[in-house]
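# Examination of the molecular architecture
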Amino acid sequence: MEKITIDLPHARLSFRMLHTSKCIRILLAVLFLMLCGSGKVMAQRHYVPHVHVGVHGGASLSSVSFYPSIKDKMLQGMQFGVAFRYAEERHVGLMAELNVEQRGWAEDLSGTGLNYSHRTTYVELPVLTHIFFGSRVVKCFFNLGPEIGYMISDNINSNFDYHNPTQVEGFPADNRHLEQMKMKITNKFDYGITAGAGVEFIIRRRHSIMLEGRYYYGLGNIFPSAKKDYFSASRGSSILVTLGYMFRLK
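Right, let's walk through the structure included here. Residue indices follow the written sequence of each chain, beginning from 1 at its first position. Local features are withheld for residues below a pLDDT of 70 in this predicted model, meaning they are given only at 70 or higher, and side-chain atom pairs are given and counted only at 80 or more; totals for whole chains, interfaces and linings count all residues. Hydrogens and waters are ignored; side-chain quantities use all the structure's heavy atoms.

Whenever Lys or Arg places a side-chain nitrogen within 4 Å of a carboxyl oxygen from Asp or Glu, that contact is recorded as a salt bridge. Scanning the model with the defined rule gives eight salt bridges in all. Of the charged contacts in the structure, one is a salt bridge between Glu101 and Arg103, with a shortest N-O distance of 3.6 Å. For the residue pair Glu101 and Arg103, the accessibility class agrees, reading buried in each case. We note a salt bridge from Asp190 to Arg103, for which the minimum N-O separation is 2.8 Å. Burial here depends on accessible area, computed with a 1.4 Å probe over protein chains only, as a share of the maximum for the residue type. Under 20% is buried, over 50% is exposed, and the range in between is partly exposed.

In C-alpha cells form, the structure reads like this:
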C-alpha cells in the first residue's frame with residue numbers, strides 16, 4: 001500500500017490509498033445492496049404520499065427591533081390562514097400557507113397611564129420544510145423555511161398627542177427615542193425566516209388537529225435605513241401559538 005503525505009503550512013495530513021481491486025469489491029457490494037433495496041421497494045411500497053389542506057388560527061406577540069433601540073414591549077395580536085401540505089417521504093414533507101397576521105410594537109409607558117401602539121397587518125406566504133415523526137395517532141413535527149409578506153393595513157392607537165409627546169404632561173421623555181412614534185412606514189414588503197414545532201393528533205384517518213408554536217424573524221426594515229436616516233434597523237419579529245385542523249385529501 002502506498003502512503004501519500006500532504007504538507008500544509010500549519011498541519012501535516014496523511015492517508016493511505018486503497019488497492020484498486022478492493023475499491024471495485026466495495027463498489028460492487030454497494031451496488032448489490034442498492035439493487036436488493038430497490039427490489040424490496042418495488043415489491044412493497046412503504047409509504048403512500050399524503051396531501052392535506054386545512055385552516056388554523058391563534059395569537060401572536062410581536063415587536064420591532066430598532067437600532068438605535070427604543071423602550072418598547074410586545075404587542076398582542078392574532079393570526080389566521082389556510083395551509084397545504086404534501087408529504088412523499090416517510091418523515092419529510094413540504095407545507096405552504098397563506099396567512100393574515102397582526103404585528104407591530106407598543107411603547108413601554110408603564111406607570112404613566114399613557115399608551116401607544118403601532119399595529120401592522122400582513123398577508124404572509126411561508127413555504128416550509130415539514131419534518132414529522134411519531135405514531136399513527138400522535139405525531140411531533142418541526143417546520144422551517146422562508147416567508148414573505150406584504151402590509152395591507154397600518155394603524156396607530158394612542159391616548160395622547162404622539163406628534164408632540166414632550167408637551168404631554170407626565171410623558172417620560174428622558175433618555176427615550178421619540179421619532180418612531182410619528183414616522184410613516186414606507187417599506188410594506190417584508191421577508192424573513194420562520195421556524196416552529198408542534199404536535200398533531202390524528203382523528204380517524206383523514207382528520208387531524210395541530211397545535212404549534214412558531215417564531216418569525218424579519219430581515220426587512222419597515223423604515224428607511226440609509227446612512228442619512230434615523231434608524232439603521234427596524235425589523236419585525238413575532239411569536240405565534242396556533243391551533244389548526246387538517247383534512248387529508250389523499
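The next point concerns the nonpolar core. The term nonpolar core refers to a set of buried residues drawn from Ala, Val, Leu, Ile, Met, Phe, Trp, Tyr and Cys, joined through side-chain atoms within 4.5 Å. Phe66, Trp105, Phe160, Phe171, Ile222 and Phe223 are the most contacted members of the largest nonpolar core, which totals 18 residues. The helix and strand labels rest on DSSP assignments: H or I over at least four residues marks a helix, E over at least two residues marks a strand, and numbering proceeds from the N terminus. Looking at this core, the elements that each hand over two or more residues are strand S3 (50-67) and strand S7 (116-134). Contacts were defined at the residue level, with two residues in contact if any of their heavy atoms lie within 4.5 Å. If near-sequence neighbours (up to four positions away) are discounted, Ile222 is found in contact with Val64, Trp105, Tyr122, Ile185, Thr186, Asn187 and Ser234. Counting residues in each nonpolar core, the second largest holds six residues, with Ala87, Phe132, Phe141 and Met246 among its members.

Glancing now at empty space enclosed by the protein. Space inside and on the surface of the protein is sampled on a 1 Å grid over the protein atoms alone, with a cavity defined as a set of points where a 1.4 Å probe fits but cannot get out and a pocket as an open set with protein on both sides within 12 Å along at least 5 of 7 lines; lining residues have an atom within 4 Å of a point. Grid points are joined across faces, edges and corners, and a volume is the space filled by probe spheres set on the points. The full count for this structure, using the stated rule, is two cavities of 30 Å³ or more. Counted as a void, the largest cavity has a volume near 140 Å³. If you trace the largest cavity, you find 16 residues lining it, with His56, Glu97, Glu212, Arg214 and Thr242 closest to the centre. Broken down by secondary-structure element, the contributors of at least two residues to the lining of the largest cavity are S3, strand S5 (75-87), strand S6 (92-107), strand S10 (207-221) and strand S11 (233-248). By residue number, the principal contributor to the lining of the largest cavity is S11, which donates six residues. As a working rule, the residues Ala, Val, Leu, Ile, Met, Phe, Trp, Tyr, Cys and Pro are called nonpolar, Asp, Glu, Lys and Arg charged, and the rest polar, with Gly in that last group. Taken together, the residues that form the lining of the largest cavity break down as nine nonpolar, four polar and three charged. In this structure, the second largest cavity spans a volume of roughly 80 Å³. Lining the second largest cavity are Val64, Arg103, Gly104, Trp105, His118, Thr120, Tyr122, Ile185, Asp190, Gly220, Ile222 and Gly236.

Think of it this way: a Phe, Tyr or Trp ring, Trp meaning its six-membered ring, pairs with another when their centres are within 6.5 Å, and the plane angle makes it stacked under 30 degrees, edge-to-face over 60, tilted otherwise. This structure, assessed with the given rule, holds 11 aromatic pairs. Judged by centre distance (5.1 Å) and plane angle (75°), the ring pair of Phe66 and Trp105 falls under edge-to-face. Of this pair, Phe66 sits in strand S3 while Trp105 sits in strand S6, and the two are 39 residues apart along the sequence. The class for Trp105 is buried, based on a relative accessible area of 1%. Taking the centre distance of 5.5 Å and the plane angle of 50° together, the rings of Phe160 and Phe171 count as tilted. Here Phe160, found in the loop between strand S8 (138-158) and helix H2 (179-182), pairs with Phe171, found in the loop between S8 and H2; they are 11 residues apart in sequence, far enough to count as distant.

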